[in-house]
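Each chain, written out:
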Amino acid sequence: MSVIDFLKLNRRIELNSQQIQAVHKVEGPILLLAVPGSGKTTVLIARIQHMIQTCLINPESILNLTFSVESAKDMGKRYDELFDSKGLVNLDFRTVHSLCYKVIKDYEHMKGSKAFVVMDQGTGVLRNILFEILKEYPSEDLVFSVQQMIGFCKNMLMKTEEVEAVEVSGCEFHMVYKAYEQYKLSRKLMDYDDLLVYALRILRSYPELLQKYHEQYGFVNVDEAQDVSFVQHEIIRLLAQKSQNLFMVGDEDQSIYGFRAAYPKALIDFKSHFPQATILKMEQNFRSTAVIVKASNDLIQTNKERYEKKMYTARENGEEVLHTHFEDTYSQYAYLAKVLKKPVGNKQIAVLFRNNDSVIPLYDILERAQVQVAFKQGQVGFFTHVIVKDILCFMRLALDPGDGEAFEKIYYKIKCGLTKDIVVALLAVKRDNVFKTLHAMPVVKESMRKKLGVVKDKLSKIKHMSALKAIESIEKDLGYGDYMKKLSSEGQSATSVNQKINALKCIAKSCEGIQDFMSRLTVLEQGCQGQNRGKSCNILLSTIHSSKGLEFDQVILVDLIEGILPSRESVAQLKLGKRELFEEEVRLFYVAMTRAKSHIEVITANKMNGQGITISQFVDFAVKERVDLKGKKKTQHGIFSVLNKPTPKVKRSQDISDASLEYFKMGVRIRHKSFGVGIIEESNRGMIVVQFDSGIKPLDLRIGLESGVIKILDHNRDE
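Everything quoted here is computed from the prediction, not taken from an experiment. (Residues numbered from 1 in each chain as written. Predicted model: local features only at pLDDT ≥ 70, side-chain atom pairs only at ≥ 80, totals over all residues. Heavy atoms only, no water.)

Caption draft 1: Highlighting the side chain of Asn-502. Mapped onto the fold, Asn-502 is located in helix α25 (residues 494–508). In terms of polar contacts, Asn-502 uses its side chain to reach the backbone amide nitrogen of Asn-609, at 2.9 Å. Setting aside its immediate chain neighbours within four residues, Asn-502 contacts Thr-329, Met-608 and Asn-609. (Helix = DSSP H or I, 4+ residues; strand = E, 2+ residues; numbered from the N terminus. Polar contact = N/O pair within 3.5 Å; in protein donor to acceptor, adjacent residues only side chain to side chain. Contact = heavy atoms within 4.5 Å.)

Have a look at this one:
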C-alpha cells in the first residue's frame, strides 16, 4: 500500500494534488512553499515515509533539520504516531545547532585535541562586562539587546568593520562585543552561536570531514526554512553540495525573526544557488475561514520580496473581522476582562500583541477579575526597564528619604545640579534623610539646596497620593517626563517609552497608594515569571512572534499602534525607499491573522497615556467596519488604505475644486483644528497623510476643508 493510500484509509487524511506532488518529489534540490495551515508537517513526514517505504532509501542517510529542539522532538513523535513506527526506524531529527556540535566533536576526534567548551549562558558574563564599561548596573533590557545583537552578528557572519558600525542604544556595542570575545577566547569557551561559526569554518577547512557527511547523509530535509539564518544556510548548502538532494520547506511570507538573523532571502535566491531546483507550492489553507484568508491575502500581496502565491480555502466564509475601538488603552483592557470572564467552553483563545509591554496591564486586570490565563513565555523584561525601576525609586524615596540607593538612581534625572562626586560623598556617610544631609554639606551650593528643597517637598506629598496621581506627579512635577523625552531622543521609540509609563498608570488605577502599587508590581512580576506558564488553560497571552506555529479558534489583537506595529524604524526606512524592515512588519501582522481558525477581533484606541495615537495602518486589511465604544459602526480609513486602495467617494462642495487640492502637496504645512500644525507626507487624490506631533494621521482633505478643520499655512510665515 502506498503512503498516500495508507493515510487515506487508516488515518482519514486525504492529501490534495499539491501535497501529493510534494510527497512524491524526492531527488534534486526542492523548495516547497507552504502557506499557513497547509499541513506542511504532515506532508514532510509523509514524504520521509515515502522515501523509506517506496524509494527504499536508508533512513540513516536522511538528515532532518528543524528550527528548535521542541520542533525536532515533535516531528519524531508525529512520525511515530502517524506510521506506528514505535521508534524502530532510526531517523535523525535534530536542530542545526545540534548538527554543528556533532561536527565539532568529530573534529576533536580527527585532530586528537579538545575544542572549546560550550558556555551554558552568556547573560551573566555580558552583565558584568556592561557593568565594567558603564560603571553602573545595566538593565535587563540592555543585556538582552546586546546578547541578541551579538547573536545577529555571528549568524550574519559579519566582519570586524561591520560589527564596529553596529549601534545599540545605551552602550558602545563594539566595545562590549570585543570584550565578550576576549573573555571567551582567554577561557577557551564558546557560546551557542559560535557553534555555527566554528562548524562552518571546520567544514570549509577540512574536505575530508565534509566528505564524511556527504557519505553519511545523501538526503537533507529542512523544516521552517524561512527561520534559518545566513550562517545556517551556508552550512546546509555545504552538506547538500554533492548529492544536491535538498528539500527545504518554508514560507518567506512567514519569516518574522529578522532580529535573530533569519534569512528569507535564501529562499528567494534558491534557484540561483541550485539552478536545477524545483519550486513547489502548497496554497490551500485548511485552518481559516474564507474571510480571514482573503484579508490575509490582501495584506501579504502588498509585499514585493516574495514568491507569487494565492492562498485559498474550502472553508465557509465565516464572520467578518470585528474591530472594537475605545477612547483609551485602559478601556480596552477593561473590555477584555469582561469578555474573557465569560465561559469559553473548549474554545481556544489567544490575545496577541507586538511586545511584552502589552501583557503587563492586561494581566493585571485579568488577574484581578480572576480570569485564568497562560503565558507563552516569561515577561520579566518590563520590570527591569529603566522607567519602571526609576518610578519605583521615586516611590521608595518618598516612603524613606534616607534611601540613598534610590536617590543615586534618579538624582541626575531631576535636574538638581548635583555632581556624581557629591552623591558618592553622600552615600559614604550615615544618613536618615538624604536631603538634610545634602543641605548640610558645604560643597552643595545654595542654588542646589533650593532645588533639592522643592524635590523634597514634592516627594513628601507623593507619599500621601493615590498611586496614579503619584506617577503623574513624578512625570510632570518632578520633571521625569523630560527624562523620558531624552530617552526617546537617544534612540528609544517614543511610542515604546509612552507604552511603559501607560502600563504603570493602568496598574496604578486599581491601587490605593504607592505602597499598594509597589506590592502589586511584585505580585505581577511573580505571575509573569512563570507560575502561569504551561497551565492547562483556554486563554493564552502571547506576543505574535511566540504564537507562530500555533492555531486558535479565536484571535484577539491588541495595541495595534503606529510606531509599534509597524515599528517606527520600519516606517522611517520605507520612506527612504528601503522595504526590508517594513515587509517583515507586514509578515508579522499576516502571521497574527493566520493563527485564527474562525474569529478575529482587533482592538484599538484613540489615546495612550493621555496622548493621541494612530491606529496601525494594517488594520484596514482586516476590517470592513469598526464598532466604537458606544456601539456605533464607523468606516475606518488608515494610511495603508489611502496609499493602496481607491479613494473613497465623498460629497463634493462647489468651493473645493481639484485645482485647489493641488496646493496640498508633500512638504506643505497645514493646521488642523484638533491635531495642530503638521507636515504633509503623502498626498493621493484628496487623501493626505500628515505628520503631527501626536503622530501620523490619515485625513480626507475635502471634508477637512469643507468643515474648516484644515487650513494651509504659508511657508514664509510664522505659525
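Moving on from the coordinates now.
Caption draft 2: Representation of the pattern of salt bridges. Evaluated as defined, the whole model comprises 39 salt bridges. A salt bridge links Lys-212 to Asp-106; the nearest nitrogen and oxygen atoms lie 3.1 Å apart. Pair noted here: Lys-212 is in helix α11 (residues 207–216) and Asp-106 is in helix α5 (residues 96–111), with a separation of 106 residues, a long-range link. In this structure, Glu-224 engages Lys-548 in a salt bridge whose closest nitrogen and oxygen atoms are separated by 3.2 Å. Here the residue Glu-224 occupies a position in the loop between β6 (219–222) and α12 (230–239), and Lys-548 occupies one in the loop between α27 (544–547) and β13 (552–557), the gap between them amounting to 324 residues. Among the residues examined, Glu-224 registers a relative accessible area of 15% and is labelled buried. Within this structure, Lys-40, Asp-223, Glu-224, Asp-227 and Lys-548 form a network of salt bridges that share partners. (Salt bridge = Lys/Arg side-chain N within 4 Å of Asp/Glu carboxyl O. Buried < 20%, exposed > 50% of the residue type's maximum accessible area, 1.4 Å probe, protein only.)

Caption draft 3: Geometry of the nonpolar core. Phe-407, Leu-418, Leu-504, Phe-517 and Leu-541 are the most contacted members of the largest nonpolar core, which has 118 residues in total. Apart from residues lying up to four places away in sequence, Phe-407 is in contact with Leu-397, Leu-418, Val-423, Leu-426, Val-434, Phe-435, Leu-438 and Leu-452. Counting residues in each nonpolar core, the second largest holds 39 residues, with Val-96, Ala-225, Ile-236 and Leu-238 among its members. (Core = buried A, V, L, I, M, F, W, Y, C linked by side-chain atoms within 4.5 Å.)

Caption draft 4: Just the packing of helix α6 (residues 123–134) against helix α7 (residues 140–155), in detail. Running from N to C, α6 and α7 point in directions that differ by 110°, and their axes come no closer than 10 Å. Of the possible angle classes, the one that applies to α6 and α7 is roughly perpendicular. At the point where α6 passes α7, the crossing takes the right-handed sense. Here α6 contributes Thr-123, Leu-126, Arg-127, Leu-130 and Leu-134 to the contact with α7, which in turn contributes Glu-140, Leu-142, Val-143, Val-146, Gln-147 and Ile-150. Within the contact of α6 with α7, the residues separate by chemical class into 7 nonpolar, 2 polar and 2 charged. (Axes fitted to C-alpha atoms, helices over the stretch in contact; angles between N-to-C directions. Parallel < 35°, antiparallel > 145°, perpendicular 65-115°, else oblique. Left-handed = near helix turned anticlockwise from the far one by under 90°. Nonpolar A, V, L, I, M, F, W, Y, C, P; charged D, E, K, R; others polar.)

Caption draft 5: Here's a closer look at the confidence of the model for the protein chain. Scored by pLDDT, the protein chain has a mean of 87; 90% of the residues are at 70 or more. Long-range and interchain partners of residues 630–655, a stretch whose pLDDT sits below 50, account for 52 contacts in this model, where long-range means more than four residues apart. Counting interchain partners and residues more than four positions distant, the pLDDT-below-50 stretch residues 715–719 has 8 contacts. (pLDDT = per-residue confidence, 0-100.)

Caption draft 6: Inspection of unusual backbone geometry at higher detail. Put simply, Leu-565 and Pro-566 share a cis peptide bond, and its omega is 5°. By secondary structure assignment, the location of Pro-566 is in the loop between β13 and α28 (568–575). One non-glycine residue, Arg-12, lies in the positive phi region at around 55°. One can find Arg-12 in the loop between α1 (3–10) and α2 (17–24). Notably, Asp-559 is not glycine yet its phi reads approximately 55°, a positive angle.

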